[in-house]
Amino acid sequence: MRIESIEEKLRYREPMIVTEIKVWQNGYIFPICPRCDCTMERDYQSFCDRCGQKLKWKGFSRAKVRRT
């Protein structure tokens, strides 16, 4: 089990592409972390401020929109 936890920790170092944004009814737009599915406060952060996932922003302008 210890090996799995080490492998899981190393996956955070591999960047994941941000592919979704959330648009609130008031017009605010926030990117969504691909790992923890939480909204992030800023675009183009290097890491998710909640789970620590390394992020990649390639193609962010074509991100899928989630409306609330």
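Below or above, wherever it landed, is the structure these notes cover. (Residues numbered from 1 in each chain as written. Predicted model: local features only at pLDDT ≥ 70, side-chain atom pairs only at ≥ 80, totals over all residues. Heavy atoms only, no water.)

Next up on the list: the overall build of the chain. When helices and strands are tallied, the chain shows 1 helix and 5 strands. Based on the C-alpha atoms only, the size of the chain along its principal axes is roughly 45 × 20 × 15 Å. The buried share of the chain, reckoned over its 68 residues, is 22%. For the chain, contacts bridging at least 24 residues in sequence account for 41% of all contacts bridging at least 6. (Helix = DSSP H or I, 4+ residues; strand = E, 2+ residues; numbered from the N terminus. Buried < 20%, exposed > 50% of the residue type's maximum accessible area, 1.4 Å probe, protein only. Contact = heavy atoms within 4.5 Å.)

Relative to strand 3 (residues 29-32), strand 2 (residues 20-23) is paired through 4 bridges, and the arrangement is antiparallel. Across the sheet, residue E20 finds its bridge partner in strand 3, namely I32. Between strand 2 and strand 3, which follow one another and run antiparallel, lie 5 residues, and G27 among them has a positive phi close to 95°. Sheet topology places strand 2 next to strand 5 (residues 64-67); 4 bridges connect them, and they run parallel. Note on strand 5: the bridge partner recorded for K22 is R66. (Pairing = 2+ DSSP bridges.)

All told, the structure shown has 3 salt bridges when counted by the stated rule. The salt bridge partner of D37 is R66, with a shortest N-O separation of 2.7 Å. Here R66 lies in strand 5 and D37 lies in the loop between strand 3 and strand 4 (55-56), a separation of 29 residues in the sequence. Residues joined by salt bridges that share partners form a network here, namely E20, D37, K64 and R66. (Salt bridge = Lys/Arg side-chain N within 4 Å of Asp/Glu carboxyl O.)

Before going further, it helps to spend a moment on the nonpolar core. Counting 10 residues, the largest nonpolar core is built from V18, I21, V23, C33, M40, C48, L55, W57, F60 and A63. Those residues within four positions of F60 in sequence are excluded, and the remaining contacts are V18, I21, P31, D43 and Y44. (Core = buried A, V, L, I, M, F, W, Y, C linked by side-chain atoms within 4.5 Å.)

With that settled, consider the environment of R42. Within the secondary structure, R42 is located in the loop between strand 3 and strand 4. Its relative accessible area of 52% is what places R42 among the exposed residues. Between the C-alpha atoms of R42 and E14, which are 28 residues apart in sequence, the distance is 20 Å. Beyond its immediate chain neighbours, meaning those up to four positions away, R42 contacts P31 and W57.

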